[in-house]
Amino acid sequence: MEIRLAKSAGFCFGVKRAVEQVYTQADSGKKIYTYGPIIHNEEVVKDLEKKGVHVIDETNLDEVSEGTVIIRSHGVEKAVCDRIQERGLECVDATCPFVKRIHKVVEKESAAGKQIVIIGSATHPEVMGIMGWSSTPVVVIETEEEAENFVSENDREICVVSQTTFNYIKFHKIVEKLTKKGYNISVVNTICNATEERQTEAREIAREADVMIVIGGKHSSNSRKLYEICAKECEHTYFIQTLADLKLELPKSVGLVGITAGASTPNNIIEEVQNYVRINF
Ligand code: F3S
């Protein structure tokens, strides 16, 4: 029986980088805080708490008087970075470089007088962070209908960016609608392909696999999406959070077991599952 683990399973580049920075800081002996949970994985957050890393947010930042605050890969609005520094705290910016690039574009183009349009979800922390780098009010567009109804303030030049995890096809449809309006528009495609790569690879493995295991948080939308993709291709698809959830009942003849994992699944959980299947079946 072959076990095929997806190369793109688990943390993307930006999340891996941020989590590593927190673990490095945790060993420094200083008081360490993360601004929001570093990833949406309870196990990791609990593990970090044991190492003295606490989660803070805008409601209790002002109660922190010493130590280091780490910004997670989603990034934050400029005002948050300023607030951390004003309080005399050290700020370790673990914003993913792909998100940081969007902050820089938005800061520069809004300062040049352009109207910033973000294609994404207004309630997503990454988008809220991006908005906070514009010196002028930002418009967030999530649907084609919203694009249809968009009116540029004073016919200003428009700079369009995107939430990194936004769907590529939807992005193009929205851009098409905006372009048709005849405004002077510049589009910076800032979609990151880590999510798409993970989904494509999962689909390819599931298509060939007799059994497919998807590891991810129950509340993680990208993990659920991975499960849906795999379940369409492979009848025996399991969705588990940790090894403890795995109640494998293998069909009679199994040639290939595929394994993939959502963006916030740590490597040790993936390895545990892989080893378990290897040893027990
Ligand atoms: Fe991950 Fe950074 Fe892309 S956090 S999804 S590599 S934008």
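Residues numbered from 1 in each chain as written. Predicted model: local features only at pLDDT ≥ 70, side-chain atom pairs only at ≥ 80, totals over all residues. Heavy atoms only, no water.

(A) Looking closely at the side chain of Ser110. Here Ser110 is to be found in helix H4 (residues 97-111). Among the polar contacts listed, one links the side chain of Ser110 to the backbone nitrogen of Ser135, at a separation of 3.0 Å. Once you skip the residues sitting within four places of it in the chain, Ser110 turns out to touch Ile116, Trp133, Ser134, Ser135 and Thr136. (Helix = DSSP H or I, 4+ residues; strand = E, 2+ residues; numbered from the N terminus. Polar contact = N/O pair within 3.5 Å; in protein donor to acceptor, adjacent residues only side chain to side chain. Contact = heavy atoms within 4.5 Å.)

(B) Examining the pairing of strand S12 (residues 256-261) more closely. With 6 of 6 residues buried, S12 is to be regarded as a mostly interior element. Taken together, the 4 bridges between strand S1 (residues 2-5) and S12 define a ladder with parallel strand orientation. By the bridge assignment, Ile3 is partnered in S12 with Val257. (Buried < 20%, exposed > 50% of the residue type's maximum accessible area, 1.4 Å probe, protein only. Pairing = 2+ DSSP bridges.)

(C) The arrangement of the nonpolar core in detail. Counting 28 residues, the largest nonpolar core has Ile213, Ile215, Leu246, Val273 and Val277 as the members making the most contacts within it. Among the elements of the structure, helix H8 (194-208), strand S10 (211-215), helix H9 (221-233), strand S11 (236-240), S12 and helix H10 (267-280) are those that each provide at least two residues to this core. Beyond its immediate chain neighbours, meaning those up to four positions away, Ile213 contacts Tyr238, Ile240, Leu246, Leu248, Val257, Gly258, Ile259, Thr260, Val273 and Val277. Within the second largest apolar cluster, 25 residues are counted, among which are Val69, Val80, Cys159 and Val188. (Core = buried A, V, L, I, M, F, W, Y, C linked by side-chain atoms within 4.5 Å.)

(D) Seen up close, the site of the ligand. As a matter of local geometry, the ligand sits amid Cys12, Gly14, Cys96, Phe98, Thr164, Cys192 and Ala194. A class-by-class count of the residues in the shell around the ligand yields 5 nonpolar, 2 polar and no charged. (Near = heavy atom within 4 Å. Nonpolar A, V, L, I, M, F, W, Y, C, P; charged D, E, K, R; others polar.)

(E) Region of the structure containing the packing of aromatic side chains. Using the criterion set out here, one finds 3 aromatic pairs in the structure. Seen from their ring centres, Phe13 and Phe98 are 5.7 Å apart, and the 55° between their planes marks the pair as tilted. With a gap of 85 residues between them, Phe13 in helix H1 (residues 13-26) and Phe98 in helix H4 connect regions that are remote in the sequence. A residue is classified by how much of its surface remains accessible, and Phe13, at 46% relative accessible area, is partly exposed. What makes Phe98 partly exposed here is its relative accessible area of 44%. Relative to Phe239, the ring of Tyr227 has its centre 5.4 Å away and its plane inclined at 15°; by these criteria the two rings are stacked. One end of the pair, Tyr227, is in helix H9; the other, Phe239, is in strand S11, and 12 residues separate them in sequence. What makes Tyr227 partly exposed here is its relative accessible area of 28%. (Phe/Tyr/Trp six-rings, centres within 6.5 Å; stacked < 30°, edge-to-face > 60°.)

(F) Spotlight on the pattern of salt bridges. Inspection of every chain in the model, using the stated rule, returns 17 salt bridges. Here Glu176 makes a salt bridge to Lys180, at a shortest N to O gap of 3.8 Å. Here Lys180 and Glu176 lie together in helix H7 (residues 168-180), a separation of 4 residues that amounts to about one turn. Relative accessible area serves as the criterion here: at 48%, Glu176 is assigned to the partly exposed category. (Salt bridge = Lys/Arg side-chain N within 4 Å of Asp/Glu carboxyl O.)

(G) How the structure looks around the sheet that holds S10. Strand order across the open sheet formed by 4 strands is S1-S12-S10-S11, with parallel pairing between neighbours. On the outer flanks of this sheet lie S1 and S11, each paired with one strand and no other. For this sheet the average axis-to-axis angle between neighbouring strands, irrespective of direction, equals 15°. Here H8 sits on the sheet in contact with S1, S10 and S12, set at roughly 165° to S12. (Axes fitted to C-alpha atoms, helices over the stretch in contact; angles between N-to-C directions.)

(H) Quick look at the sheet that holds strand S5 (residues 90-93). Strand order in the open sheet formed by 4 strands is S3-S2-S4-S5, and the pairing between neighbours is parallel. Single-partner strands in this sheet number two, and they are strand S3 (53-56) and S5. Each neighbouring strand pair of the sheet contributes to a mean axis angle of 30°, computed without reference to strand direction. Bridge count between strand S2 (residues 32-35) and S3: 4 bridges; the pairing is parallel. Residue pairing in the sheet places Ile32 in a bridge with Val53 of S3.

(I) Quick peek at the domain arrangement of the protein chain. Each assigned domain of the protein chain is listed here: domain 1 (2-10 + 193-280), domain 2 (13-95) and domain 3 (98-187). Contact with domain 1, which involves 6 residues of that partner, is made by 6 residues of domain 2. Together, the buried faces of domain 1 and domain 2 total about 440 Å²; carbon and sulfur atoms form 56% of this surface. Looking at the side of domain 1 that touches domain 2 residue by residue, the class counts come to 3 nonpolar, 3 polar and no charged. (Domains from an automatic or database assignment. Buried area = accessible area lost by both parts, 1.4 Å probe.)

(J) Representation of the environment of Glu66 in the model. Locating Glu66 in the fold gives a position in the loop between S3 and strand S4 (68-71). Taking C-alpha positions, Glu66 is 44 Å from Glu146, a pair spaced 80 residues apart along the chain. If sequence neighbours within four positions are ignored, Glu66 has contacts with Lys31, Tyr33 and Leu89.

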